[in-house]
Amino acid sequence: MKEIDLRSDTVTRPTKGMLQAIMSAEVGDDVYKEDPTINKLEKKLADMFGKDEALFFPTGSMANQAAIKLHTQPGEQLICDKWAHVYNYEGGGVSFNSGVSCKLVDGDRGMITAAQVEENINPPDFYHSPLTTLVCLENTTNKGGGACYDLEEIKKIRQVCNTHKLGLHLDGARLFNALVKKNEDPKDYGKLFDTISVCLSKGLGTPMGSVLIGDKRLMKNAIRVRKVLGGGMRQVGFMAAAGIYALDNHLEQLAKDNQRASEIAEVLKTMNYIGKVEPVETNIVIFYLEKAENEDEFMKQLSENNIRISNMGQGKLRIVTHLDYSEEMHNHFIDTLRQVTF
Ligand SMILES: Cc1ncc(COP(=O)(O)O)c(C=O)c1O
């Protein structure tokens with residue numbers, strides 16, 4: 001059997017159908033906005049979320065960083081959860097690119113509440129503190145183990161943002177996993193957020209690409225910011241073709257990924273060597289061994305069975321299911337978990 005790589009949903013290879021779509025894509029120079037396939041993908045996503053505009057980016061990090069730049073001025077502050085990807089895993093880009101600081105909130109599995117947002121807004125007239133201008137949410141949360149926001153809480157956060165004139169950005173790298181899980185309408189998200197970044201290269205399985213979706217008012221400068229960040233690309237319609245193919249063919253598969261992750265969690269909970277398994281809602285399982293000193297041995301026994309998972313440090317182990325994780329692999333992985341001994 002091929003290696004079972006459960007470190008992330010970014011490890012997938014394009015499917016045959018996706019490769020065919022890539023090979024037959026009609027392309028042009030996207031820096032001149034002349035790539036028909038990019039234009040088609042951007043329109044498809046803008047329409048899906050009921051927003052004015054969308055712009056293709058090479059990565060989710062760049063799409064998030066561009067959004068932060070569009071919403072803020074140097075010296076200002078954004079509010080996010082302490083585990084937010086924009087704060088922890090984008091290389092310090094918030095300060096590097098936008099000269100902005102982050103007010104970190106102690107949320108629940110990467111999610112924050114409207115009350116926490118309200119408490120963390122600096123009084124705008126108190127000129128000693130940075131001016132709060134933006135709230136960034138993440139759905140699903142990565143470090144929070146694929147947790148999904150309750151749409152009602154997001155509505156309350158939107159109200160707080162309206163009252164205090166704050167922008168609201170969504171890091172939706174895995175938003176499609178949440179939409180499928182909760183049977184939600186992307187347009188509901190479009191109504192609540194000013195900007196949304198979605199990744200095509202995670203659960204949807206494309207080799208690259210993220211799209212920033214937003215209102216015209218903000219998006220009119222997005223192409224300039226993307227250029228400054230070095231993200232203007234030429235015949236990148238090949239990758240947009242992969243994205244269109246994924247949106248048309250891979251969305252349903254996400255339900256399977258979510259289901260397999262919850263089956264893995266159920267098995268883990270019955271193993272005597274497991275300390276704790278975080279609640280599983282989508283395609284990420286975070287768990288802890290009962291004895292952290294067994295981690296190396298655990299990883300070794302998995303690796304002897306051709307299985308790779310992530311060690312996130314501080315006792316946190318992570319499994320992410322995805323398009324290239326088949327039923328056969330799933331059964332083999334579960335058998336292996338049952339056979340681990342210390
Ligand atoms: C929640 C979240 N946001 C953003 C990103 C960034 O995506 P990229 O790796 O394409 O920069 C990731 C990547 O894993 C992520 O998990």
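Numbering of residues starts from 1 in each chain and follows the order in which that chain's sequence is written. Reporting of local features is limited, given that this is a predicted model, to residues whose pLDDT is at least 70; pairs of side-chain atoms are given and counted only at 80 or more, and all residues count toward the totals for whole chains, interfaces and linings. Here the side-chain values reflect all heavy atoms present in the structure, with hydrogen atoms and water set aside.

Novice: Any chance you could break down the packing of helix H2 (residues 36–49) against helix H8 (residues 175–182) for me, citing the residues and the numbers?
Specialist: Packing of H2 against H8 brings their axes to within 14 Å, and their N-to-C directions diverge by 45°. Here H2 lies oblique to H8, going by the angle between them. Viewed along their axes, H2 and H8 form a crossing whose handedness is left-handed. Between H2, through Leu45, Met48 and Phe49, and H8, the contact on the second element is made entirely by Leu175, Phe176 and Leu179. A breakdown of the residues in the contact of H2 with H8 according to their chemical character gives 6 nonpolar, no polar and no charged. Angles shown run from 0 to 180 degrees and are taken between the N-to-C directions of axes, each axis being a line fitted to C-alpha atoms and, for helices, limited to the stretch in contact. Starting at the N terminus, helices and strands are each numbered in turn, a helix being any DSSP run of H or I of at least four residues and a strand any DSSP run of E of at least two. Convention used here: angles under 35 degrees read as roughly parallel, angles over 145 as roughly antiparallel, angles from 65 to 115 as roughly perpendicular, and any remaining angle as oblique. Here a crossing is taken to be left-handed if its near helix is turned anticlockwise relative to the far helix by less than a right angle, and right-handed if that turn runs clockwise. Whether two residues touch is decided by their heavy atoms; if any such pair falls within 4.5 Å, the residues are in contact. Under the grouping applied here, Gly and all other residues not named as nonpolar or charged are polar, the nonpolar ones being Ala, Val, Leu, Ile, Met, Phe, Trp, Tyr, Cys and Pro and the charged ones Asp, Glu, Lys and Arg.

Novice: Quick one: what's the story with the pattern of salt bridges, residue by residue and with numbers?
Specialist: Each reported salt bridge corresponds to a side-chain nitrogen of Lys or Arg within 4 Å of a carboxyl oxygen of Asp or Glu. A complete count under the given rule lists 23 salt bridges for this structure. In this structure, the salt-bridge partner of Lys44 is Asp248, at a minimum N-O distance of 2.8 Å. Taken together, the positions of Lys44 in helix H2 and Asp248 in helix H12 (residues 237–249) put the pair 204 residues apart, joining distant regions of the chain. The closest approach of N and O atoms between Asp215 and Lys51, which form a salt bridge, is 2.8 Å. Taken together, the positions of Asp215 in the loop between strand E8 (210–214) and helix H10 (216–219) and Lys51 in the loop between H2 and strand E2 (53–57) put the pair 164 residues apart, joining distant regions of the chain. Each residue is placed in one exposure class: buried if its accessible area under a 1.4 Å probe, protein chains only, is under 20% of its type's maximum, exposed if it is over 50%, and partly exposed if it falls in between. Judged by its relative accessible area of 9%, Lys51 falls in the buried class.

Novice: Pulling in residues and values, what's your account of the domain arrangement of the protein chain?
Specialist: Per the annotation, domain bounds derive from an automatic or database assignment of domains. Domain parsing of the protein chain yields domain 1 (4–10 + 252–339) and domain 2 (16–249). Once two parts are put together, the accessible area they lose, assessed with a 1.4 Å probe and summed over both, is termed the buried area. Of the roughly 1700 Å² buried between domain 1 and domain 2 on both sides combined, carbon and sulfur atoms contribute 51%. It is Asp9, Leu254 and Glu281 in domain 1 that bury the most area against domain 2; as a group they hold 35% of the surface buried on that side. Applying the counting rule to domain 1 against domain 2 returns 2 salt bridges. In the analysis that follows, any N or O atom pair within 3.5 Å is treated as a polar contact, provided that within protein one partner can donate a hydrogen and the other can accept it, and provided that, for residues neighboring in sequence, both atoms belong to side chains. The tally of links between domain 1 and domain 2 comes to 7 residue pairs in polar contact (both at pLDDT 80 or more). Elements that contribute at least two residues to the side of domain 1 that touches domain 2 include exactly helix H13 (253–269), strand E10 (284–289) and strand E13 (316–320). The dominant element in the side of domain 1 that touches domain 2, judged by the number of residues it contributes, is H13, at 3 residues. Considering only residue class, the side of domain 1 that touches domain 2 consists of 7 nonpolar, 5 polar and 5 charged.

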